[in-house]
Amino acid sequence: MATIHVDGQSYTVNGAHNLLQACLSLGLDIPYFCWHPAMGSVGACRQCAVKQYKNKDDDKGMLVMSCMTPAADQTRIDINDEEAKAFRASVVEWLMINHPHDCPVCEEGGHCHLQDMTVMTGHDRRRYRFRKRTRRNQYLGPFIAHEMNRCITCYRCVRFYNDYAGGTDLGAFGAKDNVYFGRYEEGVLESPFAGNLTEVCPTGVFTDQSHSERYTRKWDLQFAPGICHQCSMGCNTSPGERYGEIRRIENRYHGEVNGYFLCDRGRFGYGYVNRSDRPRLPEWRESPDSEPVSFDVDDALARISDALHHARRVIGIGSPRASLESNHQLEALVGKDNFSNGIEAREQACLALMNNLQRHAGLPAPTPREIESHDAVLVLGEDPVQSAGRLGLSLRQAALARAEALGESIGIPQWNAEALKTLAQDRYHPLFIAWPASTDLDDVAEARYPMGPAQIARLGFAVAHRIDPAAPAAEGLSAEDEQAAGRIAEALMNAERPLVVSGGSLASEAVLEAAGNVARALSRRAKRGGLVLIRREANSTGLALMGGQPLDWALDELAQGNADVLVVLENDLYQRMPAQRVDAALARTDTCIVLDHQRTPTAARANFLLSAASFAESDGTLVNLEGRAQRFFQVYDPVYMRPETRIHESWRWLHALTVNQRGEKAGDITLDTVIAACADAHPVLAGMTGAAPGSHYRIDGLRLAREPHRYSGRTSMRANQDVSEPRVPQDPDSAFAYSMEGYSGYHEPRQQVPFAWAPGWNSPQAWNKFTDEVGGHLRGGDPGVRLIHPVPGQGSYSQPIPGAEGTDGLRALILPRLFGGEETSARATPIQQRTEAPSVILSTDDAHRLEIKAGDTVMLGEGLTLLVLEQADWPTGWAGLPAGLVAGLLQGESITLHKPVGGEP
Amino acid sequence: MSQSVSSQRNSLRYRSRLLQPEAERRPDTHPLTWRLRDDGEVVWLEEYLRKDGYQSVRKALDEGDPQAIIATMKEANVRGRGGAGFSAGLKWSLTLQGGEMPRGYMICNADEMEPGTFKDRLLMEQQPHLLIEGMILGALANNSFYGYVFLRGEYVESARVLNRALEEARKAGWLGADINGSGFDFDIAVHTGAGRYICGEETALINSLEGRRANPRAKPPFPGQSGAWGKPSVVNNVETLCNVPAVILNGADWYQALSGDRTDDGGSKLYGISGPVEKPGLWELPMGTTGGEILDRAGGMRGNRQLKAWLPGGASTGFLLPEHLDLPLDFDTVGKEGSRLGTGLLAMAPQEQSMVALMRNLEEFFARESCGWCTPCRDGLPWTVKLLRALELGQGETGDIELLDKLAADCGPGLTFCAHAPGAAMPLQTALKHFRHEFEQGVSKPRGKAHQDPIPVGEV
Amino acid sequence: MMATTPQTTRIIGSDGFELHPADETAMRKEMAHYEQPQAACIEALKIVQRRYGWVPDGAIGAIARVLGIGPAAVEGVATFYSLIFRQPVGRHVVLVCDSSSCFLTGFDELKQALVSQLGIDYGQTTEDARFTLLPVCCLGACDGAPALMIDDDTYGPVSPDDLPGLLEGYP
Ligand SMILES: Cc1cc2nc3c(=O)[nH]c(=O)nc-3n(C[C@H](O)[C@H](O)[C@H](O)COP(=O)(O)O)c2cc1C
Ligand code: SF4
Ligand code: FES
């Protein structure tokens, strides 16, 4: 803590900050560009100048860059000094010299940091009378549009893309007043975090291309606090809607989970919400081949109730991509004994094991932010960037944080970004990755071990044994692997806070047990470490907590004729199990009722298809990989723009069916009620009620506004349908209003912020106004509630599970992938464009044995042609296949590859 | 190629030279140049050793007290000849050493690109071993394990000479492992640049050495704390380093006395002069020699021209007037006149030279050579260029000169990231001060229509 | 750092550019002078430039692979430094010093003479691909101003009348 004096007032600030950060944290405004709360200071733009005085008696003072000056105790500065103001005005004037002033056609307009800063400094007249410089733009792929004329050369893009996210294809080119930021050659931006450029860039150079075609200004969008449904990380998002469509997703600041950044799957994968083929009305079809018939809600409910009523036994299959509330409501409808959580048995076993380890392995699950302060990391059997997107960025920061540790030893403050970078060079905190294929973290890893699942597990067991000899040893390790285990154990033991990362990607309990043993060993050796376990889907953790039978059980029951009616909640069974098994089950099902927002192969088999809401039209709760229950809220009412639609939250549909079933009159349910019911029924989930305020929450007696107060055109939005403006939809479920009326300020601390805006701050930098200190936590507390708590003690070590490697032939090793590896986002056009061509990775041995080589094509089954990639150190016996390519193919299943018929490809 | 063509080529070929005969240069008064030959041939190792070469290294190694080297250098107050005049000894005393600190780098700044400067080239092209000797001493003092001569790419001849000399020194055991049986290891490589003035700025130089874009680094941390590859590094100018051997051999007092009572700054200096003078050239003279004396040595202005203004030490120093010719050219005195000693190589402008045109040329240089990192320099300097071009063409508008004043002020020390832009500001400020009327003559138009008084923006 | 497998195979750039084996050897030798391979970046570009006169697009990726750094880092360096040419140049590059001392002693006339004799301005190449004309920072030959450099040779003082004979030496 330090006391600083600003414009004659004394304040207490965090002395580890620089003056800019300290002043912004106090709520004082200083304009800036090159500084970014997550990326520190470099002092390039010179916009943040203030007057600093040596002491009380100094009345002359000197201009300094506040971002490059420590907030040392007794620092005296003036922000409002005339000379400082004049200099800051000069800086904006220079930055605007070549700027095209194209705000009216610029997609950054209205949430533009450059606009904000220009207004803040008072620059509104052009004195430069000479010709402007113009540039060419590049094609950068389906996500990002490029307009270099707008560049103000703040260097933030390359600092984020290269230094923070590890990209290598975007750079700063040229010199003097001709610095160009782009790709070294035109083409798709390679980093899976490129989308953050749209928020990092303070002007409109990098904009969201997915938003472009159906563009809407920020002030004309309607928002709600969202939780990304695209993986188990649970990033907080701010989806924006107009005319009944999601138009873009922006980051919603969360001090512990995602900070300022999202991954590109989360940002650009929302397109499935807007698909025109979505079921918007309940449908009925006699048999799988007959045409579907739409009908009304009451009809639908009546007929489905009838079917349920006459059923011998109804089985419900839930889903780890649906909310706790919907799953609970399904369970309530079909009864606990008839409820499956829709997860394949092996995955479910892994999920249960993961929940167990997070309680009993002795190490807590750090938040993603906390991950960044772990100083040695072992990743066992995961490719975090591919399987948990944003998490990979946190792990990268953990490796990079070595720079801060080195800097501390010679007095370089944490915010002095370039100095830390040049000091550390390529010295990182030790990061070890046991994973067969190359990963996006290899460049900061000390080593990657290209192993198959069983070998990875053995390595883990060996590491645990090295850390604590009481942990059982693993048999049959090569000398090389023993050495690796030794090195890893040493690095973990030398660290202050070692971190173990594993997860379900390999569907291997052995790998997880090994990770658990490492965690236990570290814990017994009194290490303050952490254990991060990656789950596959947005609510995998939640469903594993909730319980229920695995999907295999449900299919078996049906196939054996033990039930005749099936209700499937937001789940495409064909993605999870081989088609024959699903077919066999459905063949014996008399009535299949599917609730979904997508037309999946399972939905195509439904007798009744209920038009369910996606995340954008519903509220609910998900549990992320930390065990954090987080609430997402409905962004818009689908009926407002499309009165004919009958889209409802799955939990609402299911509740209605339950009520009908009981023969009661269909009283509506609200979110508060369904949450309470779910929490009641599942004591482990009890904490979920606290994940967000209920519907009665008010600030200053007001609901919270979903729309910015400049929202325009409300009265005419539906004028083509009806000249009389309907009343805005009422929201019985949450404290948010479908309106600009309501609280949207930042003075009152709150957790649930649909969109960040403060006077003078229209860009995402407005989040600074909502945090306790810039880059810190939301003043109202970071949203969400942890449901899983470690139990004291470490539990007992597991015995190494013998691996099942070494069979003849090839087995599938399914590699998670960010683009195309997740079922819903894979339906979004930009994600499809970014998805790589189908391929298979083989070891050189296997390729040789099969007489194929890299670059050839092979066939898997009938229809699928794969490009062969050879990797010298790839584990023999495994065929690396991208996730999401072969529906229903399970990890480790035997496969046969054959050459395409008809000679050479 | 015909005889005449090749002979013309040879006669036009530029050769670095000193305009002082051997007879005038003595070991006790001309530590930098006494060994140079009248024929301008390179003093290779054998001759260098004959002329007391490497004696200081031998002495320092025998004494085995690196801290003593620093103490002597501090006492001698050898001020940096790269232009900033910072005490080399003081700099060395701040280099992190010992404890957990890794050994670092000794870097010679041989990027010589300051307009009007041609001194380091002479030292490298004719007497490479003096620089090598200086670097070894610097390495000893700073516990450096490796050295680089960061040489501008255009100095092809310097590179050739230096590389051969390094090879000689290595063979003779002055470089490499266990130098002269002392147990001290040190070697040097020549790193050649690929253009860009900013590479001479010491931290930009380090970035460039590391194979990055030559943007300067923020200070602190100084190179002595975290320099090349994050290791403690020392950057010194060629001439600075060439002073070290004699200082170590003869002591601080001797060095101080070299300048007599001309100035408080000790030592000798390679002074030079260019522009339209009779005999442009280089001399080793006592520190504090006046501009007048140097102009005299050059035979005065060429063809009866009158001196209008002069830059005392490169394009980034402020203009002085004929009345300043009597001042001793040392760091502090020149500093008091609104200029800087800089590199101590004078550039003379004759009476008929338009100061607006000259300023335009200088600002074109600075704008073009900006690294593009910070805003005032990157975007402010090109604006000054455009305003100066307009004024030169007589197309200036009312307010342009005030705008130049403000631009120059806004590029002052501390306001930009490194000293490049302040280097551009200083000549502009002094030109506007001394020759304002010339700039005013370029204003012919009223202020353009668009430039009405701003209307205040509302509160947000 | 990852233990990277040494690249022994030929390195082929994105547009079919093929790094000459001797150049790759030279680059690897340069890398040995420094703590980190990236430091050899400028030299690697110069090595390519020595062979082709300029740095073709495909060389960027090829150099990046040799040095084990990203292509954008290489391109960032290649476009920063004024003596790395990212466009084809003539057989000889004429660098005219336009800095203050030369400016004070006849640069304007010399430059005009060059422009009229070569028929090209800065950044251009004669039609016979013989000369490219570029400005350069002070050549450190101010006592021989005005100065210019052709390829590796520095000349000064040069008067407009000297030019025809001088240029003749560069066929
Ligand atoms: C833009 C700029 C260019 C510079 N160029 C050179 C140069 O070419 N040679 C040099 O020795 N110093 C140059 N300097 C000064 C160096 O930054 C640094 O002060 C010097 O190398 C330190 O050595 P010294 O203390 O021995 O003078 C330059 C400084 C700036 C700001
Ligand atoms: S002053 Fe100029 S040269 Fe120095 S950092 Fe700023 S832009 Fe670069
Ligand atoms: S924000 Fe401080 S210099 Fe850019």
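Residues numbered from 1 in each chain as written. Chains lettered and ligands numbered in written order. Predicted model: local features only at pLDDT ≥ 70, side-chain atom pairs only at ≥ 80, totals over all residues. Heavy atoms only, no water.

A.B. asks: Help me understand the site of ligand 1 in this model?
C.D. replies: Residues and elements named next belong to chain B. Around ligand 1, the structure places 19 residues, and the nearest of them are G82, N109, N236, N237 and T240. In the environment of ligand 1, an oxygen atom lies 2.6 Å from a nitrogen or oxygen atom belonging to the backbone of G82. One of the backbone N or O atoms of G200 is found 3.2 Å from a nitrogen atom in ligand 1. Coverage of ligand 1 by the protein amounts to 91% of the 600 Å² it exposes when considered alone. The element that contributes the greatest number of residues to the shell around ligand 1 is strand β4 (residues 233–237), accounting for 3 residues. In the shell around ligand 1, the residues fall into 5 nonpolar, 8 polar and 6 charged. (Near = heavy atom within 4 Å. Polar contact = N/O pair within 3.5 Å; in protein donor to acceptor, adjacent residues only side chain to side chain. Areas by Shrake-Rupley, 256 points an atom, 1.4 Å probe, with all protein chains shown as cover. Helix = DSSP H or I, 4+ residues; strand = E, 2+ residues; numbered from the N terminus. Nonpolar A, V, L, I, M, F, W, Y, C, P; charged D, E, K, R; others polar.)

A.B. asks: Explain the sheet that holds strand β19 (residues 431–434) of chain A to me, please; I cannot follow it from the model alone.
C.D. replies: Either a parallel or an antiparallel arrangement is found when strands of a sheet pair, and the pairing is made through backbone hydrogen bonds. All names here are of chain A. The strand order β20-β19-β18-β21-β22 describes an open sheet built from 5 strands, whose pairing is parallel. Strands with a single pairing partner mark the edges of an open sheet, and in this sheet they are β20 (447–449) and β22 (530–534). Averaged over all pairs of adjacent strands, the angle between strand axes in this sheet comes to 15°, irrespective of strand direction. Summarising the sheet, β19 and β20 pair through 3 bridges and their orientation is parallel. Of the residues in β20, the one forming a bridge with A434 is Y449. In this fold helix α16 (residues 453–467) packs onto β18 (376–380), β19 and β20, with an angle of close to 145° to the strand it touches most, β18. Across the sheet, helix α17 (residues 479–494) touches β18, β19, β20 and β21 (498–503), and the angle it forms with β18 is around 140°. (Pairing = 2+ DSSP bridges. Axes fitted to C-alpha atoms, helices over the stretch in contact; angles between N-to-C directions. Contact = heavy atoms within 4.5 Å.)

A.B. asks: Sorry, what's going on with the interface of chain C and chain A here?
C.D. replies: Between chain C and chain A, the residue contacts involve 12 residues of the former and 16 residues of the latter. Carbon and sulfur atoms supply 58% of the area buried between chain C and chain A, which totals about 1200 Å² over both sides. Our count for the contact surface shared by chain C and chain A stands at 0 salt bridges. At the junction of chain C with chain A, the criterion picks out 3 residue pairs in polar contact (both at pLDDT 80 or more). Of the residues forming the side of chain C that touches chain A, the biggest block, 6 residues, is contributed by helix α4 (residues 71–80) of chain C. (Buried area = accessible area lost by both parts, 1.4 Å probe. Salt bridge = Lys/Arg side-chain N within 4 Å of Asp/Glu carboxyl O.)

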